[in-house]
Amino acid sequence: MYIEGINIARPKAAGYRTMVGRYSHRKRDRFWEIDFLRGLCVLLMVFDHFMYCLWDIMPSLNEMFGTTLFAEWRNIAIQYWRWNVRINVREVVICTFFILCGVSCTLTRGNFRRFIPLALVAVGISAVTAFIDENFIAGTHIIFGVIHMIAAGVLLYALFDNAASAVCDVLGKGKKARVAETILRYVPGLIGIGFLIMYFTCFADLHIVDGAIRIDSTFAAEGSQAERMLRAIFLYVNNYNFESVSADYFPILPYAMVILAGGVIGRAIYHTAAKYTFAPLDGAWNRGFCFLGRHSAFIFVAHMVVIPVLLALFALITSLF
């Protein structure tokens, strides 16, 4: 600020409030740190899937088209896939992504509306992969994969959150009602944490084997094949390899409960004064990752199809020459 030839520096606190004010009065609040982390997670997932395709899908495509495209990369992809660092980073990345899904659930009242397109995409993935599995590449059918699990997690959050909202409506208004509402809105997240504690206490053991994180199920496989498959949708079943019948597999326990647990972070940070803590750090430096984060749902679904299709297209073109 300039007054009669004198430069008067604006206090840092005032500058911070101004920045936060600009950030908080956007037409639609977006928290850059959420988009940034989501974009980073999606980028790593795309790379992970690309390496999987080089290992598992590309050999079938080469056999189909009579080519040797990326054949020398297969061993590298296998070593990468079995690398302990990759296994540990993968668990951190997917859990971070699911926690962010839970945080996002606290930022909207429209979780039922979010569930519907996710469920439709999940059904579409199962139908398309079943067709591909039967007619082109065996072992590609996805019965209950990551999109199915995220849809289930969002639905569960919507059910629990709406139940809490209904109780809040009954309580009416007033100071006690507001305190009760604040507590009740943590219910979905606390349920998720409770199920995670129960899961790792009663149904699974967490181990570090040769430096890699490993979850061993203690839940027994009983009944017919269909019954074991149904149980496996809800949690890992001991001595039942669900991955053999579903190319992608994420059971509701523990992963959907991680989504619910993310609601605690969402409520504790993004529904309090702490939500603009990282606003001053926003800038041009994070635009690329934030762009990916804003379109993470589309990228996440599309890359599962785009990568194999592009590899098949390259193999076809190579076979012509």
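Residues numbered from 1 in each chain as written. Predicted model: local features only at pLDDT ≥ 70, side-chain atom pairs only at ≥ 80, totals over all residues. Heavy atoms only, no water.

Visitor: Can you walk me through the overall build of the protein chain in this structure?
Guide: Along the protein chain, the regular secondary structure elements total 12 helices and four strands. Seen through its principal axes, the protein chain has C-alpha atoms that stretch 80 × 55 × 40 Å. When burial is assessed residue by residue, the protein chain has 39% of its 321 residues classed as buried. Considering only contacts within the protein chain whose residues lie at least 6 apart along the sequence, 67% involve residues at least 24 apart. About 18200 Å² of surface is accessible on the protein chain, with carbon and sulfur atoms providing 67% of the total. Charged side chains in the protein chain number 28 positive and 22 negative. The centres of these two groups are separated by 15 Å. (Helix = DSSP H or I, 4+ residues; strand = E, 2+ residues; numbered from the N terminus. Buried < 20%, exposed > 50% of the residue type's maximum accessible area, 1.4 Å probe, protein only. Contact = heavy atoms within 4.5 Å. Areas by Shrake-Rupley, 256 points an atom, 1.4 Å probe, with all protein chains shown as cover. Lys, Arg positive; Asp, Glu negative; His and termini not counted. Charge placed at Lys NZ, Arg CZ, Asp CG, Glu CD.)

Visitor: Looking at this structure, how should I read the side chain of N62?
Guide: Here N62 lies in helix α2 (residues 32–65). For N62, a relative accessible area of 9% puts it in the buried group. A polar contact of 2.6 Å, which involves the side chain of N62, links it to the side chain of T67. Leaving out residues up to four positions away in the same chain, N62 has contacts with T67, T68 and L69. (Polar contact = N/O pair within 3.5 Å; in protein donor to acceptor, adjacent residues only side chain to side chain.)

Visitor: Help me out: how do you make sense of the environment of L281 in this one?
Guide: Considering the arrangement of structural elements, one finds L281 in the loop between α10 (252–270) and α11 (287–294). Counting along the chain gives 249 residues from L281 to W32, while the straight-line C-alpha distance between them is 9.0 Å. The residues contacting L281, other than those within four sequence positions of it, are W32 and N286.

Visitor: Is there a simple way to explain the confidence of the model for the protein chain in this structure?
Guide: Close reading of the predicted structure is inappropriate where its pLDDT is low. Mean pLDDT over the protein chain: 87, with 90% of residues reaching 70 or higher. Between the elements of the protein chain, mean pLDDT differs from a low of 40, seen in strand β1 (residues 2–3), to a high of 96, seen in α10. Counting interchain partners and residues more than four positions distant, the pLDDT-below-50 stretch residues 1–27 has 23 contacts. (pLDDT = per-residue confidence, 0-100.)

Visitor: Can you help me understand the packing of aromatic side chains in this one?
Guide: The description of an aromatic ring pair rests on the distance of the ring centres and on the angle between the ring planes. The final tally for this structure, using the stated rule, is 19 aromatic pairs. Here Y52 and W55 contribute two aromatic rings whose centre-to-centre distance is 6.2 Å and whose plane-to-plane angle is 80 degrees, an arrangement assigned as edge-to-face. One end of the pair is Y52 and the other is W55, both in helix α2 and three residues apart, which spans about a single turn. With respect to burial, Y52 and W55 carry one shared label: buried. For the pair F97 and F300, a centre-to-centre distance of 5.5 Å together with 15 degrees between the ring planes defines the contact as stacked. With a gap of 203 residues between them, F97 in helix α4 (residues 84–105) and F300 in helix α12 (residues 296–320) connect regions that are remote in the sequence. When sorted by exposure, F97 lands in the same class as F300, which is buried. Sitting above the plane of the W81 ring, R86 keeps its charged end 3.6 Å from the centroid. (Phe/Tyr/Trp six-rings, centres within 6.5 Å; stacked < 30°, edge-to-face > 60°. Lys NZ or Arg CZ within 6 Å of the ring centre and 35° of its normal.)

Visitor: How should the pattern of salt bridges be read in this particular structure?
Guide: In a structure, side chains of opposite charge can pair up when their charged atoms sit close to one another. On inspection of all chains with the given rule, the structure shows seven salt bridges. The partner of R38 in a salt bridge is D35, and the shortest N-O contact between them spans 3.2 Å. With R38 and D35 both in helix α2 and three residues apart, the pair spans about one turn of that helix. Residues R214 and D216 are paired through a salt bridge, measuring 2.7 Å at the closest nitrogen-oxygen approach. The class for R214 is partly exposed, based on a relative accessible area of 44%. A network of salt bridges, in which partner residues are shared, links R30, D35 and R38. (Salt bridge = Lys/Arg side-chain N within 4 Å of Asp/Glu carboxyl O.)

Visitor: Help me understand unusual backbone geometry, please; the structure alone is not making it clear to me.
Guide: Glycine aside, the phi torsion of most residues is negative, and most peptide linkages are trans. The omega torsion across L253 and P254 is 15 degrees, close enough to zero to call that bond cis. In this fold, P254 is placed in helix α10. In this model, F70 sits at a positive phi of 60 degrees, which is unusual for a non-glycine residue. For F70, the location among the structural elements is in the loop between α2 and α3 (74–82). Residue F70 is classed as partly exposed on the basis of its relative accessible area of 26%.

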